[in-house]
Amino acid sequence: MLPFILKRLGLAVLVALTVSFISFSLLFLSGDPAAALAGETASGEDIEAVRRLYGFDRPMLVQYGEWLWQAVQGNFGESYYFKLPVQSLIADRLSVTMTLGVCGITFALLTAVPLGVAAAIRPNSIIDRVALFLSVAGQAMPSFWFGLILIVLFAIQLGWLPPSGASSWRHYIMPTIVLGYYAMPAIMRLTRAGMLEVLNSDYIRTARAKGAGEMRVMFKHALRNAIIPVVSLAAVQMGFMLGGSIVVESVFALHGAGYLAWESIARNDLPTVQALILIFSMFYIVFNFLADVLNAWLDPRMRSS
Amino acid sequence: MNDMTKPLLSVRGLTLDIPMSNGTLHAVRALDFDLHRGETLCIVGESGSGKSLTSLAVIGLLEKNIRRNATQMNFDGTDLLTASKKQMRALRGNRIAMIFQEPMTSLNPAYTIGDQLIEALRLHKNVSREKARNRAIELLEKVGITAAASRLGQYPHQLSGGLRQRVVIAMALMCEPELIIADEPTTALDVTIQAQILSLLVDLTREMDVAMILITHDLGVVARVADKVGVMYAGELVESGPAADVFGKPLHPYTRGLLRCIPQPGKTERGAALGTIPGIVPSLIGDVKGCAFRTRCPHAVEACRDAIPERGEPPHKFLCVHPDGARAAEGEPA
Ligand SMILES: Nc1ncnc2c1ncn2[C@@H]1O[C@H](COP(=O)(O)OP(=O)(O)OP(=O)(O)O)[C@@H](O)[C@H]1O
Ligand code: SF4
Ligand SMILES: [Mg+2]
């Protein structure tokens, strides 16, 4: 198992370096950063002065090295817009996004996996149909619309939950449901398909022939094998959720990192965008790595390959 | 003590119907057989003749869409027809063990050999993991696996097909069953190890005095190990009886066709497959009347379209309109 983990870790680091280089290059892809910083009215000399001041005149690789060195220490420079250190700007927002992401994926898994298993145990039953309906509806319904429906129903009509903000756990309930529901259909279907396939396999027949009860057959023998691809999918979804919850964050006015990214792109606030892209990618890479490790733990065949 | 004359397993009139889109498939029809303690019953017959369905019917693992009917199905005093799910579970893997054809896929890829062997015992017996582990090692050694203790930590994908089937055999023996049903246990294996694994299975069942239903295509094996033989054709047991009688005086034309395709015991080569008899098997969907073999039988007459009487002197029985199974017509001694 250890060689496998080390190999995957090496791969993850390589990907991370590549991604960091790309996000660093953004600064240059979007035009001359010195000109942008100096402002529209600046003269050629002013621009040159800014270029020297910020070190844009040095070779790109040197700049990248220094930027990376700073980034690793949590130092992402100063926001063009807020004139504040990017890291302090991001820190609060990130905790909102992470809370939401963790709650969202947990909600998705807790609903999708049992539903997928139940649907596979009795294909074409009522449960299977309900599950299918929920998953089609989940895919057809835009998040912002679902979010608004929940707000109208539970915040405005019934008054049970706060419509927006992030000041208590109750503020997270509706965003969690909306975000989780977005990830649920794919997880549910993969669980169902995996279970159906596994339940038809010879080793399930063997388990029954041993005299194992249905619960044991379903959970110990079948789900354990069917869940393997679900783990990878959930990790990918988690990665998306941490970066891509912009819609949910805006609907519920939860000021998280996704929302910040969206604002910063609009404001051309490059250091902030760079830092967020780097952080989102790292999440993505870390979750994929964790999924690989978890998969290897679940599937012994993978460890040796 | 057990009543030695009372069969361990007794089946009468076993019938399996499968509803299909174009009618009912009468896959198995009115099967009768008995098996005593320690006996080996070999079931032979072409692909699709209903051998696997019959074995699954005994342990109650038929797919849900298959309808099972019988006038009697008794395992050592337990009525298998009325037994609850719980009672069947208590029998399966404990008193009746099953070995399937596909060793490559019969073991769960996610668990170690040890886990799966230990589970087989602990599902039925209240023993510690440590004791179960020792039993697993003992049985792995018995099935000829070296370094048994270290194998316990291995996963199925780390073993060859032959080794996996040995593990499956060890697993079947964990609870000291009284009956083992082995459905073509070696067909999927390399020809060179088929004979080894089969001898192992036969030797162990003899040594442990376990009754066995062995489904196989290998008539050489049947000649060597069977106490009783059942010949299936298109869902019926067309001939059954003590091995010596069936081999010595095959009464059903189909049985003789099969035997003609292979050399006699002694001269029989191991691994010789069933020969092929020209012709096609009729559809078993809808009303099935008369002898299903008549489309291929050289002795078929008009009466073969009607109900076929059961003939022979028990325990050697066969189904044919001809009182001698047309032995005379083939110039065989009466
Ligand atoms: N679940 C099922 N649904 C429909 N038909 C089935 C099902 N299981 C078996 N059959 C049919 O029943 C017949 C008997 O099948 P069975 O598997 O018992 O044959 P077999 O004698 O074991 O053949 P083989 O030597 O190929 O293993 C076949 O025609 C098969 O197609
Ligand atoms: S009943 Fe007729 S067809 Fe069937 S085996 Fe006898 S002679 Fe042949
Ligand atoms: Mg079969």
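Starting afresh in each chain, residues are numbered from 1 along the sequence in its written order. Think of it this way: whatever chain is written first is A, whatever ligand is written first is 1, and the rest follow in order. Predicted model: local features are reported for residues with pLDDT of at least 70 only, side-chain atom pairs are reported and counted for 80 or more only, and whole-chain, interface and lining totals are derived from all residues. Based on all heavy atoms of the structure, the side-chain values leave hydrogens and waters out of the count.

## Considerations on the site of ligand 2
Cys291, Cys297, Cys304, Cys320 and His322 of chain B are the nearest of the 13 residues found near ligand 2. Under the scheme applied here, ten amino acids are nonpolar (Ala, Val, Leu, Ile, Met, Phe, Trp, Tyr, Cys and Pro), four are charged (Asp, Glu, Lys and Arg), and all others, including Gly, are polar. For the shell around ligand 2, the class distribution of residues is nine nonpolar, three polar and one charged. Proximity criterion: a residue is near a molecule or strand once any of its heavy atoms comes within 4 Å of it.

## As for the site of ligand 1
Residues and elements named next belong to chain B. Of all residues adjacent to ligand 1, which total 16 residues, the nearest are Ser47, Gly48, Lys51, Ser52 and Leu53. Polar contacts here mean pairs of N or O atoms no more than 3.5 Å apart (in protein, one a potential hydrogen donor and the other a potential acceptor; neighbouring residues in sequence count only if both atoms are side-chain atoms). Between an oxygen atom of ligand 1 and a side-chain N or O atom of serine 52, the distance comes to 2.7 Å. In the environment of ligand 1, an oxygen atom lies 3.3 Å from a nitrogen or oxygen atom belonging to the side chain of histidine 217. Computed by Shrake-Rupley with a 1.4 Å probe, the accessible areas treat only the displayed protein chains as cover when residues are assessed. Considered on its own, ligand 1 offers 640 Å² of accessible surface; in the complex 69% of this is hidden by protein. Elements are defined by DSSP. Helices are runs of H or I of four residues or more, strands are runs of E of two residues or more, and each kind is numbered from the N terminus. Residue assignment for the shell around ligand 1 shows that the elements contributing at least two residues are β2 (23-35) and α1 (51-59). Counting residues per element, the shell around ligand 1 draws most heavily on α1, at three residues. When the residues that make up the shell around ligand 1 are grouped by side-chain class, the tally is five nonpolar, seven polar and four charged.

## A word on helix α6 (residues 161-173) of chain B
Residue and element names in this part refer to chain B. In a regular helix each residue adds 1.5 Å, so 13 residues correspond to 18 Å; α6 covers 19 Å between its end C-alpha atoms and thus fits that length. Burial analysis of α6 places 12 of its 13 residues in the buried class, which makes it a mostly covered element. Each residue is assigned to one of three classes by its accessible area relative to the maximum for its type, calculated with a 1.4 Å probe on protein chains only: buried under 20%, partly exposed between the two thresholds, exposed over 50%. Residues of α6 that are buried include every one of Gly161, Gly162, Arg164, Gln165, Arg166, Val167, Val168, Ile169, Ala170, Met171, Ala172 and Leu173, and no others. A helix's residues, less one, multiplied by 1.5 Å, set its expected span.

## Structural notes on the nonpolar core
With 69 residues, the main nonpolar core has Ile90 and Met195 of chain A as its most contacted residues. Counting residues per element, the ones that place at least two in this core are α4 (60-72), α5 (86-121), α7 (143-157), α8 (173-199), α9 (202-209), α10 (214-244), α12 (257-266) and α13 (270-298) of chain A. All the domain ranges listed were derived from an automatic or database domain assignment. Residue contributions to this core reach at least three from each of two domains, namely domain 1 (11-72) and domain 2 (86-304) of chain A. Here methionine 195 of chain A is in contact with Val117, Ala120, Met218, Ala222, Leu223 and Ala226 of chain A, once residues within four sequence places are set aside. Membership of the second largest hydrophobic core comes to 64 residues, among which are Leu139, Cys175, Leu198 and Cys304 of chain B. Definition of nonpolar core: a set of buried residues of the types Ala, Val, Leu, Ile, Met, Phe, Trp, Tyr and Cys, connected through side-chain atoms within 4.5 Å. In this analysis, two residues are considered to be in contact whenever any of their non-hydrogen atoms come within 4.5 Å of each other.

## A look at the packing of helix α1 (residues 2-29) of chain A against α4 of chain A
A packed helix pair is summarised by two numbers, namely the angle formed by the two axes and the spacing between the axes. Residues and elements named next belong to chain A. Note on geometry: axes are lines fitted to C-alpha atoms, helical ones only across the stretch in contact, with angles between N-to-C directions running from 0 to 180 degrees. α4 packs onto α1 with a crossing angle of 115 degrees between their chain directions and a minimal axis gap of 10 Å. Crossing hand, α1 versus α4: right-handed. Contact residues: Leu17, Ser20, Phe21, Ser23, Phe24, Ser25 and Phe28 in α1; Met60, Leu61, Gln63, Tyr64, Trp67 and Leu68 in α4. Among the residues forming the contact of α1 with α4, the class breakdown is nine nonpolar, four polar and no charged. Two helices crossing with the near one rotated counterclockwise from the far one by less than a right angle form a left-handed crossing, whereas a clockwise rotation gives a right-handed crossing.

## Examining the side chain of lysine 210 of chain A
Mapped onto the elements of the fold, lysine 210 of chain A is located in the loop between α9 and α10. Relative accessible area serves as the criterion here: at 6%, lysine 210 of chain A is assigned to the buried category. When neighbours within four sequence positions are excluded, lysine 210 of chain A is seen to be in contact with Arg92, Gly93, Gln116, Glu119, Ala120, Leu123, His124 and Met171 of chain B.

## Here's the deal with the domain arrangement of chain A
Residue and element names in this part refer to chain A. Considered domain by domain, chain A is made up of domain 1 (11-72) and domain 2 (86-304). One C-alpha centre belongs to domain 1, the other to domain 2, and the line joining them spans 36 Å. Taken together, the contact between domain 1 and domain 2 spans 12 residues of the former and eight residues of the latter. Carbon and sulfur atoms make up 80% of the surface buried where domain 1 meets domain 2, a total of about 880 Å² over both sides. Definition used for salt bridges: Asp or Glu carboxyl oxygen within 4 Å of a side-chain nitrogen of Lys or Arg. Connecting domain 1 to domain 2 are zero salt bridges. Our count for the domain 1 to domain 2 interface comes out at three residue pairs in polar contact (both at pLDDT 80 or more). Defined in terms of a 1.4 Å probe, buried area is the accessible area two parts forfeit on being brought together, summed over both.

## A look at the environment of glycine 243 of chain A
Residue and element names in this part refer to chain A. Here glycine 243 lies in helix α10. The buried category is assigned to glycine 243, whose relative accessible area is 18%. Beyond its immediate stretch of four places on either side in the chain, glycine 243 contacts Gly258 and Phe280.

## Focus on the interface of chain B and chain A
Contacts between the two partners involve 22 residues from chain B and, on the opposite side, 20 residues from chain A. Taking both partners together, chain B and chain A bury about 2,100 Å²; carbon and sulfur atoms supply 57% of that area. For the pair chain B and chain A, the number of links is four salt bridges. Salt-bridge contacts for lysine 210 of chain A lead to glutamate 119 of chain B; the nearest nitrogen and oxygen are separated by 2.8 Å. Counting across the interface, chain B meets chain A through 14 residue pairs in polar contact (both at pLDDT 80 or more). Per-element tally for the side of chain B that touches chain A: the top contributor is helix α3 (residues 113-122) of chain B, with three residues. Across the side of chain B that touches chain A, the residue classes tally to 11 nonpolar, seven polar and four charged.

## Notes on the sheet that holds strand β3 (residues 40-45) of chain B
Two modes of strand pairing occur in sheets, parallel and antiparallel, and in both the strands are linked by backbone hydrogen bonds. All names here are of chain B. Each pair of strands is called paired provided DSSP finds at least two bridges between the two strands. The eight strands are arranged β7-β8-β9-β3-β10-β11-β13-β12 in an open sheet whose pairing can be described as mixed. Bordering the open sheet on either side are β7 (96-99) and β12 (310-311), each of which pairs with just one other strand. α6 contacts β7 and β8 (179-183) of the sheet and is inclined by roughly 170 degrees relative to β7.

## Comments concerning the pattern of salt bridges
Per the stated rule, a full pass over the model turns up 28 salt bridges over all chains. Across the pair aspartate 292 of chain A and arginine 8 of chain A runs a salt bridge whose closest N-O atoms are separated by 3.0 Å. Highlighted residues: aspartate 292 of chain A in helix α13 and arginine 8 of chain A in helix α1, separated in sequence by 284 residues. In this structure aspartate 292 of chain A comes out as partly exposed when scored by relative accessible area, which is 21%. Residue classification places arginine 8 of chain A among the partly exposed positions, given a relative accessible area of 30%. In this structure, arginine 256 of chain B engages glutamate 330 of chain B in a salt bridge whose closest nitrogen and oxygen atoms are separated by 2.7 Å.

## A look at a nonpolar patch on the surface
All names here are of chain A. Here the term patch refers to residues with relative accessible area over 30% and no salt bridge, with like charges joined within 9 Å and nonpolar side chains (Val, Leu, Ile, Met, Phe, Trp, Tyr) within 5 Å. A surface patch of nonpolar side chains, amounting to about 460 Å² of accessible area, comprises Leu2, Leu6, Leu9, Val13 and Leu17. Assignment of secondary structure puts leucine 9 in helix α1. A relative accessible area of 37% places leucine 9 in the partly exposed class.

## Re the layout of surface pockets
Note on definitions: the grid is 1 Å and covers protein atoms alone; a cavity is a set of points where a 1.4 Å probe fits but cannot get out; a pocket is an open set with protein on both sides within 12 Å along at least five of seven lines; lining residues have an atom within 4 Å of a point. Grid points are joined across faces, edges and corners, and a volume is the space filled by probe spheres set on the points. The volume enclosed by the largest pocket comes to roughly 1,500 Å³. Around the largest pocket, the lining is made up of 36 residues, and of these Arg208 and Glu214 of chain A together with Leu62, Glu63 and Lys64 of chain B lie nearest the centre. With four residues, α10 of chain A is the single largest residue contributor to the lining of the largest pocket. Taken together, the residues of the lining of the largest pocket break down into 18 nonpolar, six polar and 12 charged. In this structure, the second largest pocket spans a volume of roughly 520 Å³. Along the walls of the second largest pocket sit 19 residues, with Tyr54, Phe56, Trp67, Phe76 and Gly77 of chain A positioned nearest its centre. For the lining of the second largest pocket, the element with the highest residue contribution is α4 of chain A, accounting for four residues. Classifying every residue of the lining of the second largest pocket gives nine nonpolar, six polar and four charged.

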